[in-house]
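Coordinate analysis (summary)
So the chains spell out like this:
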Amino acid sequence: MATNRFRFVPATGTPPPPPPPPPPPPPAAWDVTPSPTFVEDAAETYDIAATGPVDLGYIPGGTYDVDASGNPLPAGLVLSAAGVITDTGASPEVVSNVIFGYTEPVVLSAITLNSSSLTGTLPYAATVYAMEGAVPAGTNLASTEDPSLRGSILNTWPDGSARNIVVAGNKTGITANSSVTLTLHPAVVADTPLALSDITALFSTGISVDFGVGVQNLNTWTSPDRIWWKNGRLICARYRLACGLGVLEAVIDVHSFGGGNGVVEVVVENAKLTSSNAVATKPVGQAYTNATVSVNGIVIATVSDPPAGMLYQGQTLYAVGTHSPFRAWYCSAEIRAGVVFIPTTAQEKASWFGIETTHEIAAMQAHPIFYKVVRPIGFDPATFNVGPYQAVTQPFGNDAYQPWYYGRLVGYNMGQGGDPANAIGLYTMWDASYLQSGHKACRRAVIANTLVALHYGINYRESTTNLVPTFAHAGGKTRNAPYSWPETSEEPRWEAAHQPNVGVMAFLCRPSPCFIEIAQKAANWSGTYSDPIAIPQAAYQTRGIAWNLKTMGMALFLTPTTTDDTNVNAWADAVIPTWAYTLDYITQRKDHATQKLSYCLNGYVGKWLDFRRLDIGFQQSTWEHIFLTTAITRLAPCKLFGSQQTRTDAIADWSCEHTVRYVNESVAGEWRFYGYRTTLGVNNYDEITNNGYWGSGVYEGPDPGSFPTYGENFAWFFTEPPPAEVGGLTVPKDVDGLSTRLYSDSTVQTRATAGLDYTENHWMGICCAAERNIAGAQQMWDRVMAGLVGTHTGNLAVWLDGFENDARKGFWPRNKAEI
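Note that the coordinates shown come from a computational prediction; the quantities given were computed from them, not determined experimentally. (Residues numbered from 1 in each chain as written. Predicted model: local features only at pLDDT ≥ 70, side-chain atom pairs only at ≥ 80, totals over all residues. Heavy atoms only, no water.)

1. Things to note about the overall build of the protein
Broken down by element type, the protein carries 16 helices and 39 strands. By the burial criterion, 61% of the 819 residues in the protein qualify as buried. (Helix = DSSP H or I, 4+ residues; strand = E, 2+ residues; numbered from the N terminus. Buried < 20%, exposed > 50% of the residue type's maximum accessible area, 1.4 Å probe, protein only.)

2. Quick notes on helix H14 (residues 759–772)
Between its terminal C-alpha atoms H14 stretches 20 Å, which fits the 20 Å expected from 14 residues at 1.5 Å a residue. With respect to burial, H14 is a largely interior element, twelve of its 14 residues being buried. Of all the positions in H14, only Thr759, Glu760, Asn761, His762, Trp763, Met764, Gly765, Ile766, Cys767, Cys768, Ala769 and Ala770 are classed as buried. Tucked into the core, H14 has its buried residues touching helix H11 (623–635), helix H12 (645–664), strand S36 (730–732), helix H15 (777–788) and helix H16 (796–800). Phi turns positive one or two residues past the end of H14, at Asn773, with a value near 60°. (Expected span 1.5 Å × (residues − 1). Contact = heavy atoms within 4.5 Å.)

3. A word on H15
With twelve residues, H15 ought to run about 16 Å at 1.5 Å a step, and its terminal C-alpha atoms sit 16 Å apart, in line with that. For H15, every residue scored as buried is listed here: Ala777, Met780, Trp781, Arg783, Val784, Met785, Gly787 and Leu788. Structurally, H15 contributes buried residues whose contacts are with H12, H14 and H16.

4. Some details on the pairing of strand S35 (residues 698–701)
Burial along S35 is two-sided: Val698 and Glu700 and Tyr699 and Gly701, pointing in opposite directions, are all buried. Sheet topology places strand S31 (residues 607–610) next to S35; three bridges connect them, and they run antiparallel. Across the sheet, Asp610 pairs through a bridge with Tyr699, a residue of S35. Where strand S34 (residues 693–695) meets S35, two bridges bridge the pair, whose relative direction is antiparallel. Counterpart to Gly695 in the pairing with S35 is Val698. Hairpin geometry of S34 and S35 is characterised by an intervening segment of two residues between the two adjacent antiparallel strands and by a positive phi of about 55° at Ser696. (Pairing = 2+ DSSP bridges.)

5. Quick word on the side chain of Thr127
Looking at the element boundaries, Thr127 is found in strand S9 (residues 120–129). On the accessibility criterion, Thr127 (0% relative accessible area) is buried. A polar side-chain atom of Thr127 sits 2.7 Å from the main-chain carbonyl oxygen of Phe507. Residue contacts for Thr127: discarding those within four places in its chain leaves Ile165, His359, Phe507, Leu508, Arg510 and Pro511. (Polar contact = N/O pair within 3.5 Å; in protein donor to acceptor, adjacent residues only side chain to side chain.)

6. Some remarks on the pattern of salt bridges
Taken as a whole and judged by the stated rule, the model has 25 salt bridges. Across the pair Arg634 and Glu771 runs a salt bridge, and its minimum N-O distance is 3.4 Å. Of this pair, Arg634 sits in helix H11 while Glu771 sits in helix H14; the two residues are 137 residues apart in sequence, bridging distant segments of the chain. A network of salt bridges, in which partner residues are shared, links Arg238, Asp253, Glu269, Arg461, Glu517 and Lys521. (Salt bridge = Lys/Arg side-chain N within 4 Å of Asp/Glu carboxyl O.)

7. What about the pairing of strand S26 (residues 328–336)?
Within a regular beta strand, the side chains point alternately toward one face of the sheet and then the other, so they alternate between its two faces. Within S26, eight of the nine residues are buried, leaving the element largely enclosed by the surrounding structure. Bridge analysis of strand S20 (residues 261–269) against S26 gives eight bridges, and the strand direction is antiparallel. For Val268, the partnering residue across the bridge sits in S26 and is Trp329. As paired strands, S26 and strand S27 (residues 339–341) are joined by three bridges and run antiparallel to one another. The residue of S27 that forms the bridge with Ile335 is Val340. Joining the antiparallel neighbours S26 and S27 is a turn of two residues, in which Ala337 adopts a positive phi near 50°.

8. A short note on the environment of Asn459
Within the fold, Asn459 resides in the loop between helix H5 (440–451) and strand S29 (461–462). Since its relative accessible area comes to 0%, Asn459 is described here as buried. Apart from the residues lying within four places of it in its own chain, the contact partners of Asn459 are Ala271, Phe326, Arg327, Ala328, Ala453, Leu454 and Lys521. Polar contacts involving the side chain of Asn459 include one to the side chain of Lys521, which spans 2.9 Å.

9. Describing the packing of helix H9 (residues 542–558) against H11
Contact pair H9 / H11: the axes reach a minimum separation of 8 Å and the direction vectors enclose 15°. With respect to H11, the element H9 is oriented roughly parallel. At the point where H9 passes H11, the crossing takes the left-handed sense. Facing Thr542, Arg543, Ala546, Trp547, Leu549, Lys550, Gly553 and Met554 of H9, the residues of H11 in contact are Trp623, Glu624, His625, Phe627, Leu628, Ala631, Ile632 and Leu635. Classifying every residue of the contact of H9 with H11 gives ten nonpolar, three polar and three charged. (Axes fitted to C-alpha atoms, helices over the stretch in contact; angles between N-to-C directions. Parallel < 35°, antiparallel > 145°, perpendicular 65-115°, else oblique. Left-handed = near helix turned anticlockwise from the far one by under 90°. Nonpolar A, V, L, I, M, F, W, Y, C, P; charged D, E, K, R; others polar.)

10. Considerations on the nonpolar core
Membership of the largest hydrophobic core comes to 191 residues, with the highest contact counts inside it found for Phe203, Phe211, Ile252, Trp329 and Trp763. Setting aside residues up to four positions removed in sequence, Ile252 forms contacts with Ile207, Leu218, Ala237, Arg238, Tyr239, Leu241, Val264, Glu265 and Val266. Core analysis: the second largest hydrophobic core is formed by 19 residues, Leu113, Ala126, Val135 and Leu184 among them. (Core = buried A, V, L, I, M, F, W, Y, C linked by side-chain atoms within 4.5 Å.)

11. A word on the sheet that holds strand S16 (residues 215–218)
Hydrogen bonds between backbone atoms are what pair the strands of a sheet, whose relative direction is either parallel or antiparallel. The strand order S16-S15-S22-S23 describes an open sheet built from four strands, whose pairing is antiparallel. Of all the strands in the sheet, the pair left with one neighbour each is S16 and strand S23 (298–303). Geometrically, the sheet is characterised by an average inter-axis angle of 15° between neighbouring strands, direction not taken into account.

12. Some remarks on the side chain of Gln620
Tracing the chain through its elements places Gln620 in strand S32 (residues 618–620). In this structure the side chain of Gln620 is engaged in a polar contact, spanning 2.7 Å, whose partner is the backbone nitrogen of Asn602. With residues near it in sequence (within four places) discarded, Gln620 still touches Tyr599, Leu601, Asn602, Trp608, Leu609, Phe611, Tyr676, Arg677, Thr678 and Leu680.

13. Quick word on the state of the cysteines
For the coordinates displayed, the defined rule picks out zero disulfides. Just so you know, Cys442 is unpaired, no disulfide at all, and the nearest cysteine sulfur is the one on Cys509, 9.2 Å from it. Given a relative accessible area of 0%, Cys442 falls into the buried group. Cysteine Cys514 shares no disulfide, and the gap to the nearest cysteine sulfur, in Cys236, comes to 9.5 Å. Note on Cys514: relative accessible area 6%, which makes it buried. (Disulfide = S-S within 2.5 Å.)

Have a look at this one:
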């Protein structure tokens, strides 16, 4: 990312003298076009982008500003980030001697190789998520710092440019405990990929498993299930080995870097089913003690099935005491010049050949699948652990995967009833901390705790393709009645309303096929959650719909589509009809006659859920809608959805309307108040007018009785006059289990991420709408900034500082100046 300086000069073409000391840095280029002139007292615009840095060959799509080291823009003129000067009235006729800055967009991440005690020439692998157009069709990635680097393009943007790329190389001159940064650029690269013979060269006796019923061996490498990727520095192929107990199977991915160097990854699953059957059959649980996985005769893992009555946070897990259906565990080993190396420490388990690859922060935050984080990380993740409801109390840097261990995921019902739990949100806390810092300790936490997802009942494998079932395989099946999609009821369970994001950040940190499949497994589980229909349906809760979209879209983002393997591509192809159905489901809610407030209501269409709890009016948790907003506004710009892309963009825009209207339709400062429940209408559905009872004080009814604007709904519910425009983001209290009707009975958040408050969700909605720039978003943003930036209690800058310690909701619009 580079900032280039330039300025306009008089018509003579002679550069004017620099401003008084201290002089500004020299501009990268002088624009000798005459300075722009304006008619006095007239509203006009002038586009400096037409004659500025982009015209001189710099990367387009960046932002413009006035360089603080030069003369300011004359009074009465306003410069947009896009490079348009607007004359708002009386101003000088000529803009001269103003130094402008142009910051190029980040389109490719540099990768840093962080070494341990090893030295010399070492192999490495990394993943790059490229921005659209950054690696044009016909090119691949190259690096000046490492000419050996080669890349495999896994999937592409609609314009044919590379989207996800696995790169590998053999870097010379690595010294112990050092870091080397490799910058990347597109190039036409001649490459001869490694072959299956390079995998064969890794093994003497091969891979074997012993689960107490006889040793099973694998030593044939010429017919893999598939080749995931290959280039001149790395080939990765999939093999399978039955364990001798029912359908228990070792799913094996072998990475060869050539020269006798490689990595073996093994996932032991109890997952096989034939999903084409009308009622797919659940596998039988398997019991074993001290089962082993060996590579070239060296035992790399010894694992027993989980003990009966295993406890997690006071809850009994694995009551049956077997390797239950649809669960799995992982182990790995390196082969270094023919010698098997077993990783044991956190650093070793997160690295290959002693190298942990990390990514450039700005580039990650520029990618649409992620978001710009408003504050840098406020703690050292290598030494200090922070966050509410944490399952473990060690630093991120100590996280290391163990079979059956739950790490930072919540072992009991995936955090049900605990929204601040660190696994919940668009991304987990450890994912967000890596996005925020690019720190190798956060990377360790990402890798370890994504592998933990294997311990949940989401691991399904189709017996005919030997892949994660596609949505076409699972079509019409559900884990609700008539139970044609089997699951297991023993703890731990995945949970529809509190699903973590698994796969996308982990695959960025390390290019392992198991992370692609973990993402697909989570998507398949989420998509088969609810009613039996032609294709899987979203959960009735809005957050369940949000996570259904999130898991589908994230898995689609990862799935390779440029391979020659029809079965692998079929997984991506089968997502689109299911995605279309989910959009249909949202659209039915959006367009329903009772829907007046641009909000995706909880419940089924025409049967809305009233979280009344003896309160007044129809109430729902509108922060659940913002989960939908954050998910679809991350995915829509990734252009993954083919024939459904236009509809996806439209739903993404509509999802932002809730927050825009919530702010703009307030008559005063009501928009600053955002609580656990929001009153959306005058109707009550309770034990007296009961049209259906869902438990926990939740009833259903056909019509919320909403007013047409948020301002009118606020005025109907609250019994006090509206609050002032200026003030902090505020949380209305629940008093004796009832939503307060008094603005005065509330708490201003002085720092973000405090307890059970939901203003952080409100903030995410504000940022998503501003970045999406839908109609009314600029008015909303201006109003929010005017209300929050002042010196009152809850000053915006102070409140935003809270995101230093938890970046999951610490958004900032990428099209707005930083604060």
